[in-house]
Structures are given as structure tokens and as C-alpha cells.
Amino acid sequence: MTPSEETVAIAEVPTPVGTFALALTENGLVASGWGSRARVAGRLDLAEVHDPDRTASAVAELKAYFAGELKTFGTPIDWRLMSGSRLRVLQALHKVPYGAAVTYGELAALAGSGVPARGIGSIMGSNPIPIVIPCHRVVAAGNGLGGFSGGEGVETKRWLLTHEGYLQPTLLDL
């Protein structure tokens, strides 16, 4: 299949932290994010097709994650939107397990990319596949949450880390 024949199928999934869109090529999950399918599709230069069979497994996994039944995503990743140091950092992040977190500096070391800790934040902010490539699991040194550009920002990050058991629920969560 030539690049001009490649397509993307997009599904929108309601979640406790807002509507989440999943975009899958023939090779795997290429993009995801909060908001509408149009917002995710706008980042891709691929023809969109209606293909619920292609998106079904990823949708089921995302629903199972939010139901607390899935800790590791098995959906293949299409890494085409990433390259170089960014790719190495995001591939290292993809291995950080459910319920765990790493600091920006620890992720820099894990990736072996030469990107300084302060540059890791920029890569997290441009992660094309949040949740599945878990940028919410990257925290500031000294127990700070650090930033988050998805959903409602840091509150979404706090929700995800609490959901995974990394953070304890607060009175507001009860």
C-alpha cells in the first residue's frame, strides 16, 4: 500500500475525563486526544474512512482502561508522527507501567536520547497519543505533578494518576 492509499478510521469515546478520539491507520493507533474526531483528524494527512471494525479493539481497550479492567494497552502503535529523540523518549515512556510514574529527568535517562529534563516537558506536550503513550505518568521532581495539556489540564492528569492508584484520592474525589 502506498502512502497515498493509506487511510485513518476515527472513533470518539465518552470517558470520565471528556470525549476522547482514537485514530487508527492500517498499521495501528496513530493519534488520540481530547475533543472531536475533526480535531484529531486535523493533525493527519490521511483520508478518513468509516471503519468500526478497525477501531473496535482500541475503543474496547480504552473503555476497559477507564473501567479499571485494563492496565496494559495491546493496540499496535503507528509511530509515523514521531522521529529522532522525540520517538526514543515516547517509546521509553510507552514502557512506564500502569500505577507508576517517572520524573522528567528519569524519563530523559531511560530514553538515553540526550534530551535534557526540561526538554522532556515539551515532548510530553506534543505527544500525539496521550493515555496509551502515558504522558500523564511523567511528574515533576519533588512530588509535583508538573504540567499537562490534555483534557482539563492538570486536573485531568490528577484524575488519571488517581485512577491508576499512583495518587491517593482526595476528599474531592470521594
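Above: the structure in question.
Please read these numbers as outputs of a predicted model, since none were measured by experiment.

### Quick word on the overall build of the chain
The helix and strand tally for the chain stands at 6 helices and 6 strands. In sequence order, the chain lays out its α and β elements as β-β-β-α-β-α-α-β-α-α-β-α. Its C-alpha atoms give the chain a radius of gyration of 16 Å, within 12% of the compact-globule value 16 Å for 174 residues. Residues classed as buried in the chain amount to 46% of the 174 residues present. The long-range fraction of contacts in the chain, counting pairs at least 24 apart against all pairs at least 6 apart in sequence, stands at 58%. Considering the chain, the positive charge centre built from 14 side chains and the negative charge centre built from 16 side chains are found 8 Å apart.

### Concerning the packing of aromatic side chains
Applying the stated criterion across every chain yields a total of 6 aromatic pairs. Measuring from ring centre to ring centre gives 6.1 Å for Tyr65 and Tyr98, while their planes differ by 80 degrees; the resulting arrangement is edge-to-face. Taken as a pair, Tyr65 in helix 2 (residues 52–66) and Tyr98 in the loop between helix 3 (84–94) and strand 5 (102–103) lie far apart in primary sequence, 33 residues in all. Assigned by exposure class, Tyr65 and Tyr98 land together as buried. Between Phe66 and Trp159, the aromatic rings sit 5.8 Å apart at their centres with planes inclined by 40 degrees, giving tilted as the arrangement. With Phe66 in helix 2 and Trp159 in helix 6 (residues 154–163), the pair connects residues that are 93 residues apart, well separated along the chain. When its relative accessible area of 12% is taken as the criterion, Phe66 is described as buried. When its relative accessible area of 28% is taken as the criterion, Trp159 is described as partly exposed.

### A closer look at helix 3
Helical geometry note: an α-helix holds 3.6 residues per turn, so side chains three or four residues apart project in the same direction. Looking only at helix 3, the buried set comprises Val89, Leu90, Ala92 and Leu93. Along helix 3, the residues classed as buried sweep out an arc of 155 degrees about the axis, all on the same side. Looking at the buried residues of helix 3, the elements they touch are helix 4 (104–111), helix 5 (117–125) and strand 6 (138–139).

### So, the layout of surface pockets
In this structure, the largest pocket occupies an estimated 350 Å³ of space. Taken together, 20 residues make up the lining of the largest pocket; nearest its centre are Gly125, Asn127, Pro130, Ser149 and Gly150. If you list the elements that add at least two residues to the lining of the largest pocket, you get strand 3 (29–34), helix 1 (37–41) and helix 5. Its residues assigned to classes, the lining of the largest pocket comprises 7 nonpolar, 10 polar and 3 charged.

### Details of the pairing of strand 1 (residues 7–13)
Burial of strand 1 is extensive: 6 of the 7 residues sit out of reach of the surface. Taken together, the 3 bridges between strand 1 and strand 4 (residues 47–49) define a ladder with parallel strand orientation. Bridge pairing links Val8 to Glu48 in strand 4. Counting the residues in the hairpin turn of strand 1 and strand 2 (residues 20–24) gives 6 residues, including Gly18, whose phi is positive at 110 degrees.

### Details of the environment of Ala21
Considering the arrangement of structural elements, one finds Ala21 in strand 2. In this structure Ala21 comes out as buried when scored by relative accessible area, which is 0%. It is 26 Å that separates the C-alpha atoms of Ala21 and Gly84, two residues lying 63 residues apart in sequence. Look past the residues within four positions of Ala21 in its chain and what remains in contact with it is Ile10, Ala11, Glu12, Ala31, Ser32, Gly33, Gly35, Ser36, Arg37 and Val40.

Analysis parameters
- Residues numbered from 1 in each chain as written.
- Predicted model: local features only at pLDDT ≥ 70, side-chain atom pairs only at ≥ 80, totals over all residues.
- Heavy atoms only, no water.
- Helix = DSSP H or I, 4+ residues; strand = E, 2+ residues; numbered from the N terminus.
- Rg over C-alpha atoms; globule rule 2.2 N^0.38 Å.
- Buried < 20%, exposed > 50% of the residue type's maximum accessible area, 1.4 Å probe, protein only.
- Contact = heavy atoms within 4.5 Å.
- Lys, Arg positive; Asp, Glu negative; His and termini not counted.
- Charge placed at Lys NZ, Arg CZ, Asp CG, Glu CD.
- Phe/Tyr/Trp six-rings, centres within 6.5 Å; stacked < 30°, edge-to-face > 60°.
- Arc of directions from axis to C-beta.
- 1 Å grid on protein atoms, 1.4 Å probe; cavity = no way out; pocket = protein on both sides within 12 Å on 5 of 7 lines; lining within 4 Å.
- Points joined across faces, edges and corners; volume = space filled by probe spheres on them.
- Nonpolar A, V, L, I, M, F, W, Y, C, P; charged D, E, K, R; others polar.
- Pairing = 2+ DSSP bridges.

Take it as geometry only, folks, not as evidence of what the structure does.
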